[in-house]
Amino acid sequence: MSALPPYATTGQRIWHYAFRVICGLIFFFLIAPILIIIPLSFNAEDFFTFTPEMLALSPEGFSLKHYRDFFSSNDWQQALWNSVTIAPMATLLSVGFGTLAAIGLSQPHVPFRRAIMAILISPMIVPLIISAAGMFFFYSRIGLQGTYWGVVLAHAALGIPFVIITVTATLVGFDRSLTRAAANLGADPVTTFFRVQMPLILPGVISGGLFAFITSFDEVVVVLFVGSAGQKTLPWQMFTGLREQISPTILAVATILVALSIVLLATLEVLRRRGERLRGLSPA
Amino acid sequence: MNETGPVLSADGTPLKRSLARALRREKFRAFLLVSPLLIFILVTFIAPIADMLFRSVENNIVQDTIPRTVHVLRGWDPDANDLPPEEAFQALYLDISLAAEMKRHTRLGSRLNYEKSGMASLFRKSGRGVGKFDADIYTDAIEDMDPAWSDPATWAEVFDDADTRAALPVTAGAWAALNDHFASQGKELKKRDLEDYLFAALHLDTRDGAPVDDPGVKAIVAAQAATPFEPLDYQAAFADIDEDWVDPDVWKTIQTYAASYTPGYFLNSADLQLTPAGIEARPENERIYITLFQRTLFMSLMITLSCILLGYPVAWLLANLPARSANVLLIFVLLPFWTSLLVRTSAWKVLLQQQGVINDILVWIGLIDNAGRLVMINNQTGTIIAMTHILLPFMILPLYSVMKTIPPSFLRAAKSLGATNWTAFWRVYFPQSVPGIGAGSILVFILAIGYYITPELVGGTQGVFISNRIAFHISSSLNWGLAAALGTILLAAVLILYWAYDRIVGIDNVKLGG
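Residues numbered from 1 in each chain as written. Chains lettered and ligands numbered in written order. Predicted model: local features only at pLDDT ≥ 70, side-chain atom pairs only at ≥ 80, totals over all residues. Heavy atoms only, no water.

Trainee: Can you lay out the overall build of chain B for me, pointing to particular residues and giving the numbers?
Mentor: Within chain B, the regular secondary structure consists of 25 helices and two strands. A compact globule built from 514 residues would reach a C-alpha radius of gyration of about 24 Å, whereas chain B, at 35 Å, exceeds it by more than 25%. For chain B, the spread of C-alpha atoms along the three principal axes comes to 115 × 100 × 45 Å. Counting all 514 residues of chain B, 50% fall into the buried class. Within chain B, contacts between residues at least 6 apart in sequence are counted, and of these 70% link residues at least 24 apart. Accessible surface computed for chain B: about 24100 Å², of which carbon and sulfur atoms make up 59%. Positive and negative side-chain charges in chain B, numbering 41 and 51 respectively, have mean positions lying 22 Å apart. (Helix = DSSP H or I, 4+ residues; strand = E, 2+ residues; numbered from the N terminus. Rg over C-alpha atoms; globule rule 2.2 N^0.38 Å. Buried < 20%, exposed > 50% of the residue type's maximum accessible area, 1.4 Å probe, protein only. Contact = heavy atoms within 4.5 Å. Areas by Shrake-Rupley, 256 points an atom, 1.4 Å probe, with all protein chains shown as cover. Lys, Arg positive; Asp, Glu negative; His and termini not counted. Charge placed at Lys NZ, Arg CZ, Asp CG, Glu CD.)

Trainee: Any chance you could break down a negative patch on the surface for me, citing the residues and the numbers?
Mentor: Residue and element names in this part refer to chain B. Where like charges cluster on the molecular surface, the negative patch consists of D134, D136, D140, D144, E230, D240, E243 and D244. Ranked by residues supplied to the negative patch, first place goes to helix 7 (residues 136–145) with three residues. Mapped onto the secondary structure, E230 falls in the loop between helix 12 (215–226) and helix 13 (234–241). (Patch = residues over 30% accessible without salt bridge, like charges linked within 9 Å, V, L, I, M, F, W, Y side chains within 5 Å. Salt bridge = Lys/Arg side-chain N within 4 Å of Asp/Glu carboxyl O.)

Trainee: Describe the domain arrangement of chain B, listing the residues and the values that go with them.
Mentor: All names here are of chain B. When the domains of chain B are assigned, the result is domain 1 (12–55), domain 2 (65–131 + 234–285), domain 3 (134–226) and domain 4 (290–509). With centres defined by C-alpha atoms, the gap from domain 1 to domain 4 works out at 37 Å. Listed per partner, the contact involves four residues of domain 1 and six residues of domain 4. Between domain 1 and domain 4 the total buried area reaches about 420 Å² when both faces are included, carbon and sulfur atoms providing 78% of it. (Domains from an automatic or database assignment. Buried area = accessible area lost by both parts, 1.4 Å probe.)

Trainee: An account of empty space enclosed by the protein is needed here, citing residue identities and associated values.
Mentor: Once rolled over the atoms, a probe with the size of a water molecule shows which space is left empty. Per the stated rule, a full pass over the model turns up two cavities of 30 Å³ or more. The computed volume of the largest cavity comes to approximately 60 Å³. Every residue along the wall of the largest cavity is listed here: I214(A), F217(A), D218(A), P235(A), L257(A), L260(A), S261(A), W338(B), T339(B) and S340(B). Secondary structure elements with two or more residues in the lining of the largest cavity: helix 9 (189–217) and helix 12 (249–278) of chain A. It is helix 12 of chain A that contributes the most residues to the lining of the largest cavity, three residues altogether. Here the residues of the lining of the largest cavity are counted per class, giving six nonpolar, three polar and one charged. (1 Å grid on protein atoms, 1.4 Å probe; cavity = no way out; pocket = protein on both sides within 12 Å on 5 of 7 lines; lining within 4 Å. Points joined across faces, edges and corners; volume = space filled by probe spheres on them. Nonpolar A, V, L, I, M, F, W, Y, C, P; charged D, E, K, R; others polar.)

Trainee: Can you explain the interface of chain B and chain A? Please cite residues and give values.
Mentor: With 90 residues of chain B at the interface, the matching set in chain A holds 91 residues. The interface formed by chain B and chain A includes two salt bridges. Between E456(B) and R243(A) there is a salt bridge, with the nearest N and O atoms lying 2.9 Å from each other. Where chain B packs against chain A, one counts nine residue pairs in polar contact (both at pLDDT 80 or more). For the side of chain B that touches chain A, the per-class residue count stands at 64 nonpolar, 15 polar and 11 charged. (Polar contact = N/O pair within 3.5 Å; in protein donor to acceptor, adjacent residues only side chain to side chain.)

Trainee: Give me the state of the cysteines: which residues, what numbers.
Mentor: Applying the stated criterion to the full structure yields zero disulfides over all chains. The thiol sulfur of C23(A) is not disulfide-bonded, and the nearest other cysteine sulfur, from C307(B), lies at 15 Å. Using a relative accessible area of 0% as the deciding quantity, one classes C23(A) as buried. (Disulfide = S-S within 2.5 Å.)

Trainee: Tell me about helix 12 of chain B, residues and numbers included.
Mentor: Residue and element names in this part refer to chain B. The terminal C-alpha atoms of helix 12 lie 16 Å apart, and with 12 residues this matches the ideal 16 Å at 1.5 Å per residue to within 8%. Buried residues belonging to helix 12 abut helix 7, helix 8 (152–158) and helix 11 (196–206). The N-cap residue of helix 12 is D214: its side-chain oxygen and the backbone nitrogen of G216 are 3.1 Å apart. (Expected span 1.5 Å × (residues − 1).)

Trainee: Can you break down the packing of helix 1 (residues 10–40) of chain A against helix 16 (residues 289–320) of chain B residue by residue, with the values?
Mentor: Close contact between helix 1 of chain A and helix 16 of chain B brings their axes to 9 Å; oriented N to C, the two are set at 110 degrees. Taken together, the axis directions place helix 1 of chain A and helix 16 of chain B in an arrangement best described as roughly perpendicular. Note on packing geometry: the crossing formed by helix 1 of chain A with helix 16 of chain B is left-handed. For the pair helix 1 of chain A and helix 16 of chain B, the contacting residues are F19(A), R20(A), C23(A), I26(A), F27(A) and F29(A) in the first and L310(B), P313(B), V314(B), W316(B), L317(B) and L318(B) in the second. Classifying every residue of the contact of helix 1 of chain A with helix 16 of chain B gives 11 nonpolar, no polar and one charged. (Axes fitted to C-alpha atoms, helices over the stretch in contact; angles between N-to-C directions. Parallel < 35°, antiparallel > 145°, perpendicular 65-115°, else oblique. Left-handed = near helix turned anticlockwise from the far one by under 90°.)

Trainee: A description of a nonpolar patch on the surface should follow, citing residues and the corresponding values.
Mentor: Residue and element names in this part refer to chain B. Residues I361, W364, I365 and L367 make up a contiguous nonpolar surface patch of about 520 Å² in total accessible area. Its place among the elements puts L367 in the loop between helix 19 (357–364) and helix 20 (380–403). With a relative accessible area of 63%, L367 lands in the exposed category.

Trainee: Lay out the domain arrangement of chain A with the relevant residues and their values.
Mentor: Along its sequence, chain A is carved into domain 1 (10–61) and domain 2 (74–246). Its C-alpha centre places domain 1 of chain A at a distance of 36 Å from the equivalent point of domain 2 of chain A.

Trainee: An account of the packing of helix 1 of chain A against helix 18 (residues 341–352) of chain B is requested, with residue identities and associated values reported.
Mentor: Relative orientation of the contacting elements helix 1 of chain A and helix 18 of chain B amounts to 80 degrees, with a least axis distance of 9 Å. Classified by the angle between their axes, helix 1 of chain A and helix 18 of chain B sit roughly perpendicular to one another. Two secondary-structure elements touch here, helix 1 of chain A through F29(A), P33(A), I34(A), I36(A), I37(A) and L40(A) and helix 18 of chain B through V343(B), R344(B), A347(B), W348(B), V350(B) and L351(B). Each residue belonging to the contact of helix 1 of chain A with helix 18 of chain B can be placed in one class, and the counts come to 11 nonpolar, no polar and one charged.

Trainee: Help me get a handle on the side chain of Q197(A), residues and values and all.
Mentor: Relative to the helices and strands, Q197(A) is located in helix 9. On the basis of relative accessibility, which here comes to 10%, the residue Q197(A) falls in the buried class.

Trainee: Run through the pairing of strand 1 (residues 272–275) of chain B, naming residues and quoting values.
Mentor: Residue and element names in this part refer to chain B. For strand 1 and strand 2 (residues 278–281), the ladder comprises four bridges, and the chain directions are antiparallel. Paired with L274 across the strands is I279, a residue of strand 2. Two successive antiparallel strands, strand 1 and strand 2, enclose a turn made up of two residues. (Pairing = 2+ DSSP bridges.)

Right, here's the structure in full:
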């Protein structure tokens, strides 16, 4: 695939390049919608499309007004604050419980391993609308509906499968004789955990945490039902904005979020490489 | 040491038992590590799902709101096509009076309205109407006999006695219900809270005599033995509120839905209806759910197919490029995967609008004229395009990880044996990539079938899924039972697919981010 052999026929040559063009178009389909909102967010007008001034690249066509809107509007700032307070707390809960359970699950003998795994992964599989409906009914009964902790607990539950999956994946490559060696050298189980096991599985824990964080930070269906106006998060505010067609401030927020996801993606990539190096698998 | 005896460990216990104990301890420790999370998930996630399943069949509202009527109707034969006996109307009077006091009759009305239209307004009207019944004749007669009856303290004292309560069951029940309601509200019963229905109940209990010792009640019994109070025609009074009360169908509906559990919500989800005569199809204009389920399935399939068509070439390219360039190209797949769902949906909203970027470009290059701008949003096309984009990474990543394991030498071998490019691909490469297609398709399909946000924003009315209807019933129409039933059906579909996924791929093999 990578290189065309010199004996290729004309038809093969045409197909080779046509295939690359097709793939290029699909990559364009994947990435263009995300990139196109970046220039649009600097629009000087309240339009969702390019103005003639923008196409002419004249400076009057561009402005930071939508960003100013975002940073000066009370609604958006409150939403940002809510997102920033809910997501880390939910992440903390998911990572704490999740890491502990993943270590338990990776022991050689776990009773009902399959069933437990199925239950722990289920929040990722059950459609969000069903989780949201169930949580709305149940949390109203126990008085958690419309509270900060209600949303945090719901988001923590949704983030747990990601932590379980990433941490158990790291533990698969974990060499058990290391803990035995540590015990042999006189370390108690707690010291062994923090000094030997933790540093090795840390990349998995962090990437699981990032997944849990983005799940909560990006989540809108559950918070719509479990939260009340006091827990309005950034995605919720965007959702209302899009449904009611209000302002292109949404595009400014979207651009900021794209920047955030690029940072997250880069972090994950660094972690993955580090994990491979630590386990002695050099990148191909 | 006995040569034939069991092998012993260092502390003298048989090795077999010692090992078993160690294994048990190890199992217990593993379970101990897992249990906090298991409890956490059971409380925050599994319990809510169980609650939803329960709500899809739960129907206590009729029994709780009009218990006396339900009790009388148990002995009524609906097939005779007659009205229920006068006792049913008497019970209904007490029930609705008490329900109106607690402001619960309108909720029951809305519940029954799902099954028979007109019930909501009937109960609303009746809640107001029962206060205007001529039952004040009893209040006046009894209070004339002894003014102490107008004081709640007298009532409390009389009904403090268990024998009296047993002798005057109807009144005692109504009095207890009223007291419980005030106690739960933290309010105190005042004189004006002693309404006519309590005196009417007292009349019903005492008109044929009652074995009581209480002098006040004895006086009432004696007075009625001399000159009976003028009886109130409850049926006529209800007919005055609304003619529907003398329609046997209304009573049959109440009787049909009196049970604590009902299949009604599930039947409704399948465009059926539980009527007194059995299960029937709903009226033509109310049949929407079968269509909606079909549309959800059809559109999820379309999205899955588009994902296969677009994902396969890309995964192939990624798997066959040198690792360095593949990693760079993988960013194009991973960036959308990591970008906020709302961001991607807003991007499509911006692109697909009639005054949006795609239409602008098409007009500019002259493919369409300004009047003929394409309608690509608020319909099925919009939903399919946007969701294909959103779910495409979930197809590419599993495909890529399967294709990476297929040795390229197989294709070369096939070609050297004389296969054409197509035969080599179709007979050698494609069959080996099928597990990847299966895994990706099930994943995409599961995710698509329950999607809510994107259809809500770009789907208009024709491009919405069953999940949007569930959300509508929770937040707008407040028909929670129906929302729960629809959710249960959707959940069942997803769990079957999840099980299939587990059989084909294995839950443990779910990979994130490549």
